[in-house]
Amino acid sequence: MSYLVLDIETYPDYKLWQPEPKKPRAKKDPADAFAPLYAHKPIAVGIAMLDDALNLVSLGCFGTSQFGQDERALLSAVHEGMAQVMSSTAPTIVTFNGRGFDLPVLALRALRHALPAGWYSNDHRKRYTEVHHLDLFDALSESDSSRRAGFSLDTFCRIIGLPGKLGFDGSMVRAAFDKGEIAKIEGYCLVDVMRTTFLLIRYLMMRGRISREMFETATRALWDQCQQRQMTGVLFGADMNMLMGLGPTVETPAA
């Protein structure tokens, strides 16, 4: 089975939504409020393709650096690419909270721009199957059966030995976009795609869908890809023993 790992970064569409004015003595700035899904403009869509052996076939980002402020052109490229992939190899789409955010945002923005998004079928919306869409957030929280407090991509990455988010996270995307820091946003999006891919490989092994040998080979190969691409957001501070499923690295006390 092949996999397509997907993650998006967005910016509020202020033509459709405005945060409420700040109330006296309010501790939180309304500008930090989370817009409704239909008012999220995708500015970076990161995608990784894995073949049946979990080899990384391709990694790329549809982003503002390529399409500028033309959201329709960006979305058109995304949906055309997804339709082509789905019609040829039909991979399982893998996300982290994609059922609650990434996929409906792409569909709702396609609705706004009158773009076809037929690849996003009813099969991808089904919650209790992982054949067409594996939402790791749903899978690891038992589809709402577990308390979800603290269930984030950052948390699960630290559980498996990857570092937490270093100096930049999703809450900073809006400010970075306002400053024109497009490359930083797209790099962050690709880092999250790779982090989700590591989590996918660990999940498949935990569920008994791949062998221990395949897990180790795929994890090592993905790590090598990160080194070749100098993805410090994945590499810096990682615990290789934990990432390879050997337990946490034991630090030797200083003499």
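For the structure itself, look to the data block above.
Only a predicted model underlies this, so the values are computations on that prediction, with no experimental measurement involved.

S.K.: Is there a simple way to explain a nonpolar patch on the surface in this structure?
M.R.: A contiguous nonpolar surface patch, about 370 Å² in accessible area, is contributed by Leu 16, Tyr 38, Leu 108 and Leu 111. Turning to its location among the elements, Leu 111 is positioned in helix α3 (residues 98–112).

S.K.: Help me understand the packing of aromatic side chains in this model?
M.R.: What describes a pair of aromatic rings is the distance from one ring centre to the other and the angle between the planes of the rings. Summed over the entire model, instances satisfying the criterion amount to nine aromatic pairs. A ring pair is formed by Tyr 14 and Trp 17, whose centres lie 6.2 Å apart and whose planes are at 20°; its orientation type is stacked. Between Phe 151 and Phe 156, the aromatic rings sit 5.5 Å apart at their centres with planes inclined by 85°, giving edge-to-face as the arrangement. Among the aromatic residues, ring-to-ring pairing joins Tyr 11, Tyr 14, Trp 17 and Phe 177 into one connected group. Directly above the ring of Tyr 120 sits Arg 125, whose terminal nitrogen or CZ lies 4.0 Å from the centroid.

S.K.: Just to check I follow, could you spell out the packing of helix α8 (residues 182–206) against helix α9 (residues 212–228) for this structure?
M.R.: To describe two helices that pack against each other, one gives the angle between their axes and the distance between the axes. Look at α8 against α9: their axes get within 9 Å of each other, and the N-to-C directions meet at 170°. The angle between the axes of α8 and α9 places the two elements in the roughly antiparallel class. Touching Met 194, Thr 197, Phe 198, Ile 201, Arg 202 and Met 205 of α8 are Arg 212, Phe 215, Ala 218, Thr 219, Leu 222, Trp 223, Gln 225 and Cys 226, all from α9. Counted by class, the contact of α8 with α9 contains nine nonpolar, three polar and two charged residues.

S.K.: Sorry if this is basic, but what is going on with the sheet that holds strand β3 (residues 56–63) here?
M.R.: Here we have five strands laid out as an open sheet, ordered β3-β2-β1-β4-β5, and mixed in their pairing. For this open sheet the edge positions go to β3 and β5 (133–135), each flanked by a neighbour on one side alone. Mean inter-strand twist for the sheet, computed between neighbouring axes without regard to direction, equals 20°. Relative to β3, strand β2 (residues 40–50) runs antiparallel, the two being bridged by seven bridges. Residue pairing for β3: Gly 46 is matched across the bridge by Cys 61. Most of the contacts of α3 go to strand β1 (residues 3–12), to which it runs at about 70°, and overall it touches β1, β2, β4 (92–95) and β5.

S.K.: Before we go on, may I ask you to explain the packing of helix α6 (residues 153–160) against α8 in this structure?
M.R.: Put simply, α6 and α8 touch, their axes get as near as 10 Å, and they point 55° apart. As summarised for this structure, α6 and α8 are arranged oblique, according to the angle between their axes. The handedness of the crossing between α6 and α8 is left-handed. Contacts from Leu 153, Asp 154, Phe 156, Cys 157 and Ile 160 of α6 reach α8 at Asp 192, Arg 195, Thr 196, Phe 198, Leu 199 and Arg 202.

Conventions used here
Residues numbered from 1 in each chain as written. Predicted model: local features only at pLDDT ≥ 70, side-chain atom pairs only at ≥ 80, totals over all residues. Heavy atoms only, no water. Patch = residues over 30% accessible without salt bridge, like charges linked within 9 Å, V, L, I, M, F, W, Y side chains within 5 Å. Areas by Shrake-Rupley, 256 points an atom, 1.4 Å probe, with all protein chains shown as cover. Salt bridge = Lys/Arg side-chain N within 4 Å of Asp/Glu carboxyl O. Helix = DSSP H or I, 4+ residues; strand = E, 2+ residues; numbered from the N terminus. Phe/Tyr/Trp six-rings, centres within 6.5 Å; stacked < 30°, edge-to-face > 60°. Lys NZ or Arg CZ within 6 Å of the ring centre and 35° of its normal. Axes fitted to C-alpha atoms, helices over the stretch in contact; angles between N-to-C directions. Parallel < 35°, antiparallel > 145°, perpendicular 65-115°, else oblique. Contact = heavy atoms within 4.5 Å. Nonpolar A, V, L, I, M, F, W, Y, C, P; charged D, E, K, R; others polar. Pairing = 2+ DSSP bridges. Left-handed = near helix turned anticlockwise from the far one by under 90°.

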